[in-house]
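As a plain string of letters, each chain reads:
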Amino acid sequence: MVKMEDIGARILAGDHQVQYGQNQRTKIKALVVDDNMINQALHRTLLRNLGIENHVVGNGREAVDVHCSGRRFDLILMDLDMPVMNGIEATKKLRAMGIQSTIAGVSSRSVDENIQEFWEAGLDDYQQKPLNFPKLVSILQKVNHSV
Amino acid sequence: MDRNQLQRQVALMRSSLIEQVPNPSLPSLKLLVGYLDEQQFLQLEDLQDDVNPNFVEEIVTLFYKDSARLFHNIEQALKSRPVDFAKLDNYMHQFRGSTSSIGAIKVKNECNQFKEFCLAGNAEGCARAFQKVKQEHETLRTQLETYFKLRRQAGLAETV
């Protein structure tokens, strides 16, 4: 099991080149679910810089479909407001499918706004956008790398 | 202009783009409000490496390309009768999310004003606020273009 706490401490100390796993067998896999191109680019680059393999989809329906195709991820960064299927519906569906990946809600809504429904859909964590290294490290510390 | 001078210019330009807090010993000084959130913009620059040396410029280019699409949608929605405020709010929410990701605080503040008018169902207010959004958006574009030009010149000077 990868020790996220140790790696997280190194990243917060400025070591942004820490690799999450040195080989394909242990490499963390993440799914970015966001309809915004700028956020897609930002989240991909944040993950890539941490050595995390990542895949991007543009809405909740595509996130469900990619799991139906058999793919699995350690971490899902789930946006809330998306067309076709939003983050709440997608999270509910994934949990109903038995997906136990760490799902972190990432939205521009503040914690004061009503994100309770998002949490109740099955999130493991929530961070307000924009995402950055400290927030991503905080999320990664909750990932159980078993995929 | 030599490399050191260019790099100093780049640093000065970056500081002027970023929000500054006034010296507390001089409260009469007007707050210097820059265009970018320092933390977010520096985070973006921090993501640049050998694999992705122009990440910030690329993401800003993407931002302006996507903005054009969203602005067109907002303009069309403002012209429609009756005005669909839910649609307007949705488009502006998307744009605001992008401004936040690149740290464009002044543009984001104008987006917040737009949202207030949207929630109040005030079409005229929305139209006025949208003009301000576009103005700040263009001003930032000009500032960033100058900043990136200086950076490229400073970068080229390093290889000479």
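As the structure is a prediction and not an experimental result, all values here were calculated from the model.

Draft legend 1. Structural detail: the confidence of the model for chain B. Residue and element names in this part refer to chain B. Across chain B, the average pLDDT comes to 83, with 87% of residues at or above 70. Highest mean pLDDT in chain B belongs to helix α3 (residues 55–79) (95); lowest belongs to helix α1 (residues 3–17) (74). Segment residues 21–33: pLDDT under 50, and 7 contacts once partners within four positions in sequence are set aside and those in other chains are kept. Prediction confidence for the complex, expressed as pTM and ipTM, is 0.81 and 0.77 respectively.

Draft legend 2. Molecular detail of the UniProt feature "domain: HPt" (unreviewed entry) in chain B. Within the UniProt annotation, "domain: HPt" (unreviewed entry) is assigned to residues 52–147 of chain B. Split by type, residues 52–147 of chain B is 86% helix and 0% strand. Its first and last C-alpha atoms lie 18 Å apart.

Draft legend 3. Geometry of the interface of chain A and chain B. Every contact between the two is made by 20 residues of chain A and, on the other side, 21 residues of chain B. Carbon and sulfur atoms make up 56% of the surface buried where chain A meets chain B, a total of about 1,700 Å² over both sides. Joining chain A to chain B, the criterion identifies 1 salt bridge. As a salt-bridge pair, R48(A) and D49(B) come within 3.7 Å of each other at their nearest N and O atoms. Our count for the contact surface shared by chain A and chain B stands at 6 residue pairs in polar contact (both at pLDDT 80 or more). Residue assignment for the side of chain A that touches chain B shows that the elements contributing at least two residues are α2 (37–49) and α6 (133–140) of chain A. No other element matches α2(A), which puts 9 residues into the side of chain A that touches chain B. Of the residues contributing to the side of chain A that touches chain B, the split by class is 9 nonpolar, 7 polar and 4 charged.

Draft legend 4. Examining the packing of α2(A) against helix α4 (residues 85–102) of chain B more closely. Packing of α2(A) against α4(B) brings their axes to within 8 Å, and their N-to-C directions diverge by 35 degrees. Handedness of the α2(A)/α4(B) crossing: left-handed. Between α2(A) and α4(B), the contacting residues are I38(A), N39(A) and L42(A) on the first element and G97(B), S98(B), S101(B) and I102(B) on the second. Partitioned by chemical class, the residues of the contact of α2(A) with α4(B) number 3 nonpolar, 4 polar and no charged.

Draft legend 5. Structural view of the packing of aromatic side chains. Within the structure shown, the criterion is met by 8 aromatic pairs over all chains. Ring centres 6.2 Å apart and planes at 75 degrees place the aromatic pair F118(A) and Y126(A) in the edge-to-face group. For the pair shown, F118(A) and Y126(A) are each scored as buried. Relative to F95(B), the ring of F63(B) lies with its centre 5.8 Å away and its plane at 20 degrees, an arrangement referred to as stacked. Highlighted residues: F63(B) in helix α3 and F95(B) in helix α4, separated in sequence by 32 residues. Look at F63(B) and you get buried, because its relative accessible area is 0%. Over the face of the ring belonging to F117(B) we find R128(B), whose NZ or CZ atom lies 5.7 Å from the ring centre.

Draft legend 6. Molecular detail of the packing of helix α2 (residues 38–46) of chain B against α4(B). Residue and element names in this part refer to chain B. Running from amino to carboxyl end, α2 crosses α4 at an angle of 75 degrees, the nearest separation of the two axes being 7 Å. With respect to α4, the element α2 is oriented roughly perpendicular. The residues of α4 that touch α2, namely those facing Q40, F41 and L44, are S100, S101 and I102.

What counts and what doesn't
- Residues numbered from 1 in each chain as written.
- Chains lettered and ligands numbered in written order.
- Predicted model: local features only at pLDDT ≥ 70, side-chain atom pairs only at ≥ 80, totals over all residues.
- Heavy atoms only, no water.
- pLDDT = per-residue confidence, 0-100.
- Helix = DSSP H or I, 4+ residues; strand = E, 2+ residues; numbered from the N terminus.
- Contact = heavy atoms within 4.5 Å.
- UniProt positions renumbered as here; feature names shortened; annotations may be inferred.
- Buried area = accessible area lost by both parts, 1.4 Å probe.
- Salt bridge = Lys/Arg side-chain N within 4 Å of Asp/Glu carboxyl O.
- Polar contact = N/O pair within 3.5 Å; in protein donor to acceptor, adjacent residues only side chain to side chain.
- Nonpolar A, V, L, I, M, F, W, Y, C, P; charged D, E, K, R; others polar.
- Axes fitted to C-alpha atoms, helices over the stretch in contact; angles between N-to-C directions.
- Left-handed = near helix turned anticlockwise from the far one by under 90°.
- Phe/Tyr/Trp six-rings, centres within 6.5 Å; stacked < 30°, edge-to-face > 60°.
- Buried < 20%, exposed > 50% of the residue type's maximum accessible area, 1.4 Å probe, protein only.
- Lys NZ or Arg CZ within 6 Å of the ring centre and 35° of its normal.
- Parallel < 35°, antiparallel > 145°, perpendicular 65-115°, else oblique.

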